[in-house]
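Examination of the molecular architecture
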Amino acid sequence: MMDYKQKSAQLKLNGDCSIYEICDLYKKLSEQLQAASVITIDLSSVERLDASFLQLLVFVQLEAKRNKTKLEIKGVSGRINEHAAHIYCHILSDNTDYVPLVGNK
Amino acid sequence: MQLDENTQLFITECNELLDDMEDALLKLERSPNDVDLINRVFRAAHTIKGSAGLFGFEHIISFTHVVENLLDDVRNCLVPVTDDLISLFMRVKDHIAIMIKGLVDELPTDENEEQVLLGMLSAFKVGNNTEKEMSIQEAHLTGEQSEDRQQVRSEHWHLSIRLGPDTFRQGFDLHVLFDQLCDLGNIVTARLVTDSIPSLDSYDPESCYLGWELILDTNVDKKTIVEVFEFFDGARISILPPRSKISDYQDMLAQLPENDKLLGQLLVEIGALTENELQQALNFQMKNGGLTGDILVNQGVVQPEVVDSAVEGQQKIRKEKQQELSFVRVDSAKLDKLVTLVGELVIGGAKVAQLATERDDDEIIESMEEMMLTLENMRETALGLRMVPLVNTFSRYHRVIRDTAKQLNKKIRLDIIGGETELDKTVIEKIGDPLMHLIRNSMDHGIELPAERIKAGKSEEGIITLKAFHETGTIVIEVSDDGSGLNPEKLLNIAKERGVVKASQNLNEEEIYNLIFEPGFSTAEAVSNISGRGVGMDVVRRNIESLRGSVVVNSVLGEGIKMIIRLPLTLAIIDGFHVRVSAESFIIPLDMVDECVTLNDEQITESKVHGYIKLRGNVLPLIKMGQYLGIKANNYPSPRLNLIVVKFAGRKIGLLVDELQGEAQAVIKPLGRTFQGVSGFAGFTILGSGQLALILDVPGLVKSAIGKEHAVQTINNKRDLSGNLCEVSMR
């Protein structure tokens with residue numbers, strides 16, 4: 001489900017990312033948040049997702065910001081974007097109130 | 001039927017509410033856009049329905065429910081106020097009154113009338129209107145109302161959404177939530193709120209921490225929006241309406257029936273607050289205290305303006321309730337009993353006072369004087385309890401005038417002046433029918449048809465005026481109209497034709513006008529179901545005179561008629577002036593006594609020669625009471641002759657008596673059937689000595705002296721012609 005590297009961590013999420021998998025996903029991501037200073041999350045292989053996963057991504061973004069961890073999210077598909085937009089799951093930034101959670105495909 | 005106290009109270013209150021409903025309907029007819037009047041009618045129907053519910057009077061509940069529904073449409077400007085609608089509600093009011101009366105009489109209500117009314121109410125309901133009618137109703141909306149509606153359409157709702165922690169676990173799909181919101185209207189903006197997402201230590205990935213601040217453009221009401229979140233357990237949703245909705249809520253608050261509800265309940269009722277929001281606020285209040293309104297505003301679920309309006313309304317209702325509480329409903333029979341007892345106390349007090357005077361004990365006399373002062377206060381207070389403003393009696397005629405005017409194809413308005421004037425309840429109860437008769441006569445014979453009025457240079461609408469005011473211890477009620485007035489020539493001719501007056505007899509104007517009080521006398525060319533049979537005016541006068549009152553007619557041909565009724569303030573206890581004629585005691589009502597004069601020798605001679613004396617240059621007709629009453633003067637020799645000047649209806653006469661005994665409170669007792677035919681007396685009273693004293697009927701005495709006055713005037717006129725007037729005046 002996920003590749004893992006120390007200090008500069010790269011995580012590739014794949015398959016289903018929903019409430020059923022959310023505890024595992026959280027466990028892995030939280031470990032990285034505590035250990036790595038640079039984290040890259042690749043979503044290109046995510047197949048199914050729900051709001052609990054989008055919330056987890058928001059949490060990771062907030063936590064990274066709090067810990068001054070450099071975070072990059074990539075491989076965001078149109079489906080993920082659409083899903084996030086549908087429930088207005090955006091995250092605040094310094095510049096604007098309405099920054100999409102994910103912008104690049 | 002013997003009714004329990006509560007049912008009696010229900011009936012009394014319903015009748016009061018129905019009176020209020022009728023009054024509001026009559027006013028609404030003239031001001032169809034007056035929201036307050038519509039609310040008054042609605043409140044009356046609503047309260048009757050609610051109270052009937054407490055007693056389980058199902059037929060009243062079901063009927064008033066239909067009435068209330070239509071009134072609700074009227075309140076919401078969906079059904080315009082028209083003459084037909086007012087007439088329907090008048091019939092509805094009458095029908096409810098019959099239903100209420102049926103509770104006492106145990107009579108069934110008129111099923112046919114009920115079915116007809118229900119059919120008419122249904123026909124007026126907004127859903128049953130044709131498109132044409134609807135467009136007419138739309139046209140009735142004022143420009144401002146239309147603008148308001150536009151504003152509601154263009155402004156946005158603000159939703160603060162905080163989902164419950166178990167939202168994910170319970171498998172709710174947030175896509176569905178947002179789809180439903182989109183179905184209601186357009187989501188203008190939505191800002192994700194992440195404040196609740198905890199840090200790493202306490203983050204639970206299965207818990208939901210999401211929230212949104214969302215702007216929704218929709219025409220639906222708050223309840224519909226709330227329903228979207230119905231199944232989201234634990235969600236905290238605050239919904240603030242569009243800006244223009246604040247005024248809508250304030251209007252709704254103003255229109256709510258006047259129930260003493262709690263602030264939260266009021267806000268839930270108008271849709272400004274959801275049950276859930278209220279519960280959360282109350283939970284917060286339980287833990288932290290504070291005022292509900294403040295909590296609701298701080299939690300951002302209701303705007304401060306709406307809370308202020310609700311609080312203001314609450315305070316108004318509570319104040320009114322408080323005022324209501326300061327009144328106690330008392331059975332009038334108990335008041336009558338109290339007045340009777342006070343009367344007995346007055347008689348007893350007078351007796352003790354006399355004994356104290358006879359024993360010449362200063363201490364007892366002093367104590368007695370103090371007690372008599374208190375007794376006098378008590379008497380005035382007890383009598384005051386029975387004093388009722390005339391306005392309620394007068395207002396009843398609005399409906400009669402409205403209905404009769406329609407029947408006669410006339411336009412007639414009732415003006416009431418001095419409705420606040422108070423009169424003893426017993427007198428008021430007896431004056432209702434005579435007034436009704438006079439008003440019916442004015443409507444039928446006085447006020448002309450609109451075309452005739454315009455031709456005569458009058459306004460299309462005729463006016464009947466009821467005016468009440470105090471005048472020297474009496475109440476004057478004037479019933480006047482601006483109609484055609486009485487034609488004295490015609491009256492006299494009819495009287496001569498019918499043999500009421502001899503062909504050779506000449507009458508002055510006042511005497512001619514008084515002919516209308518003769519039994520069977522009518523000037524009407526046609527008999528209608530309203531008046532014209534010549535039955536009634538004699539009864540009117542008899543009824544008024546039985547109240548120790550009088551009625552006088554003033555009329556100007558082409559300009560109208562004025563019937564002046566004078567009535568005593570009370571029929572129970574009066575302040576009297578005790579006089580003695582020979583050995584007999586008499587009481588003169590003190591408020592009719594103008595002055596007391598001891599006559600000098602010249603005046604005594606004059607009084608013996610003529611039936612009058614000259615008092616300060618004015619001729620004063622006299623009644624020598626001893627002679628008038630047939631009492632032998634030598635029974636009880638008097639050192640001098642005393643004159644009491646009494647006045648009534650602007651006229652003064654002098655009564656010659658032997659001795660003035662001073663003021664005395666007199667409890668008026670009826671003379672009884674044997675002496676009812678005796679004129680000149682209004683009743684009798686028991687003096688402190690236990691002696692009986694007749695109470696003089698001053699209006700009757702004044703009336704009988706008028707003949708003498710005419711004679712005096714005739715003599716004066718003759719002297720004037722012979723040039724002797726100066727001589728007479730100089731005496």
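Read on for an overview of the structure.

About the cut-offs
- Residue numbers run consecutively from 1 along every chain, following the written order of its sequence.
- As a convention, the first chain written is A and the first ligand written is 1, with the rest following in written order.
- Where local features are concerned, this predicted model is filtered to residues with pLDDT of at least 70; where side-chain atom pairs are given and counted, the filter is 80 or more; whole-chain, interface and lining totals use all residues.
- The side-chain numbers reported here are obtained from all heavy atoms of the structure, hydrogens and water having been left aside.
- Each helix is a run of DSSP H or I of at least 4 residues and each strand a run of E of at least 2, with the numbering of both proceeding from the N terminus.
- To estimate how far a helix should extend, the number of its residues minus one is multiplied by 1.5 Å.
- The criterion used for residue contact is that any of the two residues' heavy atoms lie within 4.5 Å.
- Here a salt bridge means any side-chain nitrogen of Lys or Arg lying within 4 Å of a carboxyl oxygen belonging to Asp or Glu.
- Each residue's exposure class comes from its accessible area (1.4 Å probe, protein chains only) as a fraction of the maximum for that residue type: buried when under 20%, exposed when over 50%, partly exposed otherwise.
- Two strands qualify as a pair provided DSSP detects at least 2 bridges between them.
- Between N-to-C directions, angles span 0 to 180 degrees; the directions come from axes that are lines fitted to C-alpha atoms, helices contributing only their stretch in contact.
- Defined here as a combined quantity, buried area equals the accessible surface (1.4 Å probe) lost by two parts on assembly, summed across both.
- Polar contact is the term for a pair of N or O atoms within 3.5 Å; when the atoms are in protein, one must be able to donate a hydrogen and the other to accept it, and sequence-neighboring residues count only if both atoms are side-chain atoms.
- Residues are grouped as follows: nonpolar covers Ala, Val, Leu, Ile, Met, Phe, Trp, Tyr, Cys and Pro; charged covers Asp, Glu, Lys and Arg; every other residue, Gly included, is treated as polar.
- Orienting the strands away from the viewer, one traces the path from the first strand over the helix to the second; a clockwise path indicates a right-handed crossover.
- The rule is short: rings of Phe, Tyr and Trp, with Trp giving its six-membered ring, pair when the centres are within 6.5 Å, and they are stacked under 30 degrees, edge-to-face over 60, tilted in between.
- Throughout this description, the term charge over a ring refers to an Arg CZ or Lys NZ atom that lies within 6 Å of the ring centre and within 35 degrees of the ring normal.

**So, helix α1 (residues 22-35) of chain A**
Because each turn of an α-helix spans 3.6 residues, side chains separated by three or four positions in sequence point in the same direction. With 14 residues, α1(A) should cover 20 Å at 1.5 Å per step; its first-to-last C-alpha distance of 20 Å lies within 8% of that length. Packing partners of the buried residues in α1(A) comprise β1 (8-17), β2 (38-49) and α2 (51-67) of chain A.

**Considerations on the pattern of salt bridges**
All names here are of chain B. Evaluation of the coordinates by the stated rule reveals 38 salt bridges over all chains. Residues Lys93 and Glu22 are paired through a salt bridge, measuring 2.9 Å at the closest nitrogen-oxygen approach. Of this pair, Lys93 sits in helix α4 (residues 83-105) while Glu22 sits in helix α1 (residues 5-30); the two residues are 71 residues apart in sequence, bridging distant segments of the chain. With relative accessibility at 10%, the residue Lys93 sits in the buried group. Under the relative-accessibility criterion, Glu22 is labelled buried at 9%. A salt bridge links Glu213 to Arg162; the nearest nitrogen and oxygen atoms lie 2.6 Å apart. On the criterion of sequence distance, the pair formed by Glu213 in strand β3 (residues 211-218) and Arg162 in strand β1 (residues 157-162) is long-range, its members being 51 residues apart. The class of Glu213 is buried, set by a relative accessible area of 15%. In this structure, a network of salt bridges that share partners links the residues Glu22, Glu29, Lys93, Asp94, Arg399, Arg402 and Asp403.

**Digging into the sheet that holds strand β14 (residues 593-598) of chain B**
Residues and elements named next belong to chain B. An order of β14-β17-β18-β16-β15 is seen for the five strands of this open sheet, with the pairing classed as mixed. Whereas interior strands pair on both sides, the edge strands pair on one side only; in this sheet they are β14 and β15 (612-615). Between one strand and the next, the sheet's axes are offset by a mean angle of 35°, whatever the strand orientation. Pairing geometry for β14 and strand β17 (residues 642-648), over five bridges, is antiparallel. Across the sheet, the residue bridging to Val597 is Leu643, located in β17. Contacts from helix α23 (residues 601-609) reach β14, β15, β16 (618-624) and β18 (651-657) within the one sheet, and its direction differs from that of β15 by about 145°.

**Here we look at the interface of chain B and chain A**
How big an interface is tends to be stated in terms of accessible area lost as the parts join. Opposite the 24 residues of chain B that make contact, chain A presents 25 residues. Taking both partners together, chain B and chain A bury about 2,300 Å²; carbon and sulfur atoms supply 69% of that area. Ranking the residues of chain B by area buried against chain A places B:His175, B:Leu200 and B:Tyr203 at the top, with a combined share of 29%. Our count for the chain B to chain A interface comes out at zero salt bridges. Put simply, chain B and chain A have nine residue pairs in polar contact (both at pLDDT 80 or more) between them. Counting residues per element, the ones that place at least two in the side of chain B that touches chain A are α8 (174-184) and β2 (185-193) of chain B. A per-element tally of the side of chain B that touches chain A places β2(B) first, with five residues. Counted by class, the side of chain B that touches chain A contains 15 nonpolar, five polar and four charged residues.

**A short note on the pairing of β2(A)**
For a regular strand, the rule is simple: side chains alternate between the two faces of the sheet. Residues and elements named next belong to chain A. In terms of strand pairing, β1 meets β2 through nine bridges, oriented parallel. In the strand pairing of β2, Leu11 is matched with Ile41. A crossover links β1 with its parallel partner β2, the connecting element being α1, and its sense is right-handed. Bridging between β2 and strand β3 (residues 70-74) involves five bridges; their strand directions are parallel. Note on β3: the bridge partner recorded for Val38 is Lys70. In this fold, β2 hands off to α2, which returns the chain to β3; that crossover is right-handed.

**Here's the deal with the packing of aromatic side chains**
Summed over all chains, the structure comprises nine aromatic pairs over all chains. When the ring of A:Phe59 is compared with that of B:Tyr203, the centres are 3.9 Å apart and the planes differ by 15°; the resulting orientation is stacked. Pair noted here: A:Phe59 is in helix α2 and B:Tyr203 is in the loop between β2 and β3, and the two residues belong to different chains. Of the residues examined, B:Tyr203 reaches a relative accessible area of 4% and is grouped as buried. Consider the rings of B:Tyr203 and B:Tyr209, whose centres lie 5.3 Å apart with planes at 40°: the pair is tilted. Across this residue pair, the class does not change: B:Tyr203 and B:Tyr209 are buried. A cation over a ring is seen here: B:Arg75 above B:Phe42, with NZ or CZ 3.8 Å from the ring centre.

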